[in-house]
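Close look at the chain arrangement
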Amino acid sequence: MVASLAMLIEYLMGLSDSVIAGNILGETALSGLNLMQTPMNIVSFFACLFGTGTSICFSIETGRFDRRRATEMFSQGFWSALMVGSALAAALVVFRDPFLRIFKADSSVLSYTIPYWNWFVPCAVLETVCVLMANTIYADGDERLCFWGYILQLGSNFGVSALLCRWLGIAGCAMGSVVGNLAVIGLLSVHFLRKANTLRLVWHFRMGDFMRICKSSFGDASIRLCWAGLFTLLNAYVIARFGSEMQPVLAVVLTVIGFSEAFNGVANAAQPIVGVYVGERNVTGVRRVMRAAELVTLCEGLFVMTTLLIWPQLVVKLMGINEPQIVAAACTAVRFVSVGIVFTALICLFNSYYLFIERESLSTMLTILSNFAVPLALYPIMGKIFGPNGVWAALSLSSMLTVVVFGGYLLIRYGRSMFPLLLVRGREANLFIFNLILTEKEIAETSAAVGDILRKAGAPDSTVLRAALMVEEVFMVVKDRNEGKTIHGEATLDLNDAEIILILRDDGEVFDITDSDAKITSLRTYLVASVMEAQPSKLNLTTTGYNRNVFRLSGGGAAKKP
């Protein structure tokens, strides 16, 4: 829920300048700001490339319990974002005039584009660093701080932009974006002062890690790159074929298309735990999370589609469009585009998911099909036959056609058994997951269930007793430490490898159960420590979101599916 709200806020933040410009300065200002879609999407591409890629690599290394590599991936992402953001700022200065000459727009429109562009230059650095911080801090478990960071950014962006826009015109909107990015970077920096912070910044730059980060997120980030190309061509096509008077309608359509960014909230919420599950090779956990994510995505898509079909004027009026003829055309365009929004939501989810499971080529293929190739093939043909409404219908139809084509490709190549998650089913037979609320009754039941499974699998009696004891005692320590709170836990038993792997998770107070600084003096702590000394292959992960303890027990070779 927090991730979805955060992505909605991020979308509204990007929309804020259009809303302010349209309402305060008029429709010509909105048309001028619409020409900024390409540079804004290019900056967003690189911000997402390093932000999403770094968080994915960080989560996977965390799932593998390789703290050194997790630190290196975070540091690689940070320095890469800083350097590439600076290069982008320089490019925006050099290529402004050559780029704007492409559109052959009226001078009245360009009089709004150029001042905004000049003040947008610092955002190339600030946005790239800001997105990286937000994604990695979220992956580190501090979702509340990220949420409040988005709230602060939205509030400061709206407030400062609206205030300065009245005094300085369109340049004030861009200045508000600069202030908003600075504010959220300052707030997110608080995370690095927290005891449970696991993000460590060191000097690390390796071309192999740079390419791994880019590869891990290119499919997701390239949405912005595709939008940059598609929106440039759409702007040029609409101006050439239907005239500049249709630009406000196109601005509304692009706003609705951009709303798909809000659907990434579901994927962002799933990413940290899916990344950890991937690192653990826990296919059952991945399947459970994605089943819930698909349901939430469908509900979100249906809600947005229904709302826009019934009340398209919500978007049109928000953009400050008041001329009756343009309002009517824009409402019709919104209805056309909204029909395909459920398919767009599913594309967003699976586009990110294939990155999580390191199927980067599939993610890139899905992105290019849905956000560039298919709409580019459709809108010139349908625009020529049906006029402007044919263009809007083509943009909606492209998402439906993409799902059919891409889904058919997956079925043919991977078969029905692996469709659509592409998970190997062989491991699931020997993977057992127990979800519980940490009460004495449920802890005892889970402990007994783990022991029964191991006993039926033929594990040695000492291993059975040790595993059952670990479940009971670790969870009881957590329960006692969080007295009066409702704490959720998860026990995962993996019998697939030479060793038996027992993973215990909880969302209680974050602490290392073996750390002397934890100051736990109960009998249970003594028992847990004693067992850990007898079974040294134990790992602990503390983050700002949850505890995770992994125990590797002997006897795995004898354990088979009960």
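Computed from a predicted model, the values in this text were never measured in an experiment.

Quick look at the overall build of the protein
Looking only at helices and strands, the protein has 21 helices and 5 strands in total. In terms of overall size, the protein behaves like a compact globule, its C-alpha atoms giving a radius of gyration of 26 Å where 562 residues would be expected to give roughly 24 Å. Burial analysis of the protein (562 residues in total) assigns 59% to the buried set. Relative to all contacts within the protein whose residues are 6 or more apart in sequence, the contacts with residues 24 or more apart total 81%. Per element, the accessible surface of the protein, about 22700 Å² overall, is 64% carbon and sulfur.

Topic: helix 10 (residues 207-242)
At phenylalanine 218, helix 10 shows its largest bend, some 70°. Of the residues flanking the end of helix 10, it is glycine 243, one or two places downstream, whose phi is positive at about 95°.

Looking at helix 19 (residues 440-456)
Here helix 19 spans 24 Å end to end across 17 residues, near enough to the 24 Å set by a 1.5 Å rise per residue. Listed in full, the buried residues belonging to helix 19 are Ile443, Thr446, Ser447, Val450, Gly451, Ile453 and Leu454. Buried residues along helix 19 cover an arc of 160° about the axis, so they all sit on one side. What points out from helix 19, more than 90 degrees from its buried face, is the exposed set Lys441 and Lys456. Tucked into the core, helix 19 has its buried residues touching strand 1 (431-437), helix 20 (461-481), strand 2 (488-494) and strand 3 (500-506). Just downstream of helix 19, glycine 458 is the residue with a positive phi angle, here 90°.

Considerations on the environment of phenylalanine 242
Topologically, phenylalanine 242 is positioned in helix 10. Exposure remark for phenylalanine 242: the relative accessible area of 18% places this residue in the buried category. The spatial distance from the C-alpha of phenylalanine 242 to the C-alpha of isoleucine 385 is 13 Å, given a sequence separation of 143 residues. Setting aside its immediate chain neighbours within four residues, phenylalanine 242 contacts Tyr237, Gly383, Gly387, Pro388 and Val391.

Description of the side chain of arginine 548
Among the structural elements, arginine 548 can be located in strand 5 (residues 547-553). Since its relative accessible area comes to 0%, arginine 548 is described here as buried. Looking at arginine 548, its side chain comes within polar contact range of the main-chain oxygen of threonine 62, at 2.7 Å.

A short note on the pattern of salt bridges
In total, this model carries 14 salt bridges according to the counting rule given. For arginine 505, the salt bridge goes to glutamate 280, with nearest N and O atoms at 2.9 Å. A residue pair is termed long-range when its members are at least 10 positions apart, and arginine 505 in strand 3 and glutamate 280 in helix 12 (residues 260-280) qualify at 225 residues. Bridged by salt links that share partners, the residues Arg68, Arg69, Glu72, Arg206 and Asp209 form one connected network.

Points about the nonpolar core
Nonpolar side chains in soluble globular proteins tend to end up buried together. Formed by 81 residues in total, the largest nonpolar core has its most connected members in Leu234, Tyr353, Tyr354 and Trp392. Sorting elements by how many residues they give to this core places helix 16 (residues 341-356) first, with 11 residues. Sequence-distant contacts of tyrosine 353, that is, excluding residues within four places in its chain, are made with Val286, Met290, Leu421 and Leu423. One finds Met36, Ala105, Leu110 and Phe120 within the second-largest nonpolar core, a separate group that totals 60 residues.

What about the packing of aromatic side chains?
Pairs of aromatic rings are described using the distance from one ring centre to the other and the angle between the two planes. For the coordinates displayed, the defined rule picks out 18 aromatic pairs. Relative to phenylalanine 210, the ring of phenylalanine 50 lies with its centre 5.8 Å away and its plane at 50°, an arrangement referred to as tilted. Of this pair, phenylalanine 50 sits in helix 3 (residues 37-63) while phenylalanine 210 sits in helix 10; the two residues are 160 residues apart in sequence, bridging distant segments of the chain. Put simply, the rings of Phe350, Tyr353, Tyr354 and Phe406 touch in pairs and so form one group of aromatic residues.

Some words on unusual backbone geometry
A negative phi angle is the norm for most residues apart from glycine, just as the trans form is the norm for most peptide bonds. Residue proline 420 is reached from phenylalanine 419 by a cis peptide bond, and omega for that bond is -5°. Phi is positive for arginine 281, which is not a glycine, with a value near 60°. For arginine 281, the location among the structural elements is in the loop between helix 12 and helix 13 (283-310). Phi angles above zero are rare outside glycine, and glutamate 358 is one such case at about 60°. On the accessibility criterion, glutamate 358 (35% relative accessible area) is partly exposed.

Description of the environment of leucine 233
Structurally, leucine 233 is set in helix 10. Overall, the relative accessible area of 37% leaves leucine 233 in the partly exposed class. For the pair leucine 233 and leucine 376, spaced 143 residues apart in sequence, the C-alpha to C-alpha distance is 8.6 Å. Here leucine 233 is in contact with Phe372, Leu376 and Tyr379, once residues within four sequence places are set aside.

Quick notes on the side chain of aspartate 494
By the secondary structure assignment, aspartate 494 is in strand 2. A polar side-chain atom of aspartate 494 sits 2.8 Å from a polar atom in the side chain of asparagine 496. Those residues in contact with aspartate 494, other than ones at most four positions away along the chain, are Glu280, Arg427, Asn430, Leu431, Glu499, Ile500 and Ile501.

Some points on the confidence of the model for the protein
Here the protein shows a mean pLDDT of 85. Residues at 70 or above account for 90%. Counting interchain partners and residues more than four positions distant, the pLDDT-below-50 stretch residues 516-538 has 39 contacts. With pLDDT under 50 throughout, residues 540-544 is counted as low confidence; its partners more than four residues away or in other chains account for 30 contacts.

Some details on the packing of helix 10 against helix 17 (residues 360-386)
One way to put it is that helix 10 packs onto helix 17 with a least axis distance of 7 Å and a crossing angle of 10°. The pairing of helix 10 with helix 17 is recorded here as roughly parallel in orientation. Looking at the contact of helix 10 with helix 17 residue by residue, the classes come out as 15 nonpolar, 9 polar and 5 charged.

Details of a nonpolar patch on the surface
Side chains of Met83, Trp203, Phe205, Met207 and Met211 sit close together on the surface and give an oily, nonpolar patch of about 570 Å² of accessible area. Note on placement: phenylalanine 205 falls in the loop between helix 9 (170-188) and helix 10.

Quick word on the state of the cysteines
Throughout the structure, instances matching the rule amount to 0 disulfides. Looking at cysteine 130, it has no disulfide partner, and the nearest cysteine sulfur is the one in cysteine 146, 9.6 Å off. Left unpaired, cysteine 226 is separated from the closest cysteine sulfur, that of cysteine 48, by 12 Å. Using a relative accessible area of 9% as the deciding quantity, one classes cysteine 226 as buried.

Description of the environment of alanine 171
With respect to the helices and strands, the residue alanine 171 is situated in helix 9. Take alanine 171: its relative accessible area is 11%, and that puts it in the buried class. Alanine 171 has contacts with Pro115 and Trp119, leaving out every residue within four places of it along the chain.

Quick notes on the rules
- Every chain is numbered independently, its residues counted from 1 as its sequence is written.
- Local features in this predicted model are restricted to residues whose pLDDT is 70 or higher, and side-chain atom pairs enter the listing and the counts only when it is 80 or higher, whereas totals over whole chains, interfaces and linings include all residues.
- Think of the side-chain values as coming from all heavy atoms in the structure, minus any hydrogens and water.
- Numbering of helices and strands runs from the N terminus; a helix is a DSSP stretch of H or I covering at least four residues, while a strand is a stretch of E covering at least two.
- Values of the radius of gyration come from C-alpha atoms, whereas the globule rule sets the reference at 2.2 Å times the count of residues to the power 0.38.
- The buried label goes to any residue with under 20% of its type's maximum accessible area, the exposed label to any with over 50%, and the partly exposed label to all in between, with areas taken from a 1.4 Å probe on protein chains only.
- Contacts between residues were defined by any pair of non-hydrogen atoms, one from each residue, lying within 4.5 Å.
- Reported accessibility uses the Shrake-Rupley method at a 1.4 Å probe radius. Residues are deemed covered only where the shown protein chains occlude them.
- A residue's bend is the angle separating two fitted axes: one through the seven residues that end there, the other through the seven that start there.
- Multiplying 1.5 Å by the residue count of a helix minus one yields the expected span of that helix.
- Each direction from the helix axis to a C-beta atom contributes to the arc, which is the arc of those directions.
- Polar contacts, as counted here, are pairs of nitrogen or oxygen atoms within 3.5 Å of one another; within protein the pair requires one atom able to donate a hydrogen and one able to accept it, and residues that are adjacent in sequence qualify only if both atoms are side-chain atoms.
- The salt bridge criterion pairs a side-chain nitrogen of Lys or Arg with a carboxyl oxygen of Asp or Glu, the two atoms within 4 Å.
- Joining through side-chain atoms within 4.5 Å is the link that ties buried Ala, Val, Leu, Ile, Met, Phe, Trp, Tyr and Cys residues into a set, and such a set is a nonpolar core.
- Side-chain rings of Phe, Tyr and Trp, where Trp is taken by its six-membered ring, are said to pair if the distance between their centres is within 6.5 Å; with planes under 30 degrees apart they count as stacked, over 60 as edge-to-face, and otherwise as tilted.
- The score called pLDDT rates the predictor's confidence residue by residue, from a low of 0 to a high of 100.
- An axis is simply a line fitted to the C-alpha atoms; with a helix, the fit covers only the stretch in contact. Between two such axes, the angle follows the N-to-C directions and lies from 0 to 180 degrees.
- Note on terminology: angles under 35 degrees are roughly parallel, angles over 145 are roughly antiparallel, angles of 65 to 115 are roughly perpendicular, and the others are oblique.
- Amino acids are sorted into nonpolar (Ala, Val, Leu, Ile, Met, Phe, Trp, Tyr, Cys and Pro), charged (Asp, Glu, Lys and Arg) and polar (every other residue, Gly among them).
- Any residue with relative accessible area above 30% and no salt bridge may belong to a patch, with like charges joined within 9 Å and the nonpolar Val, Leu, Ile, Met, Phe, Trp and Tyr side chains within 5 Å.
- In this description, a disulfide is simply a cysteine sulfur pair whose atoms lie within 2.5 Å.

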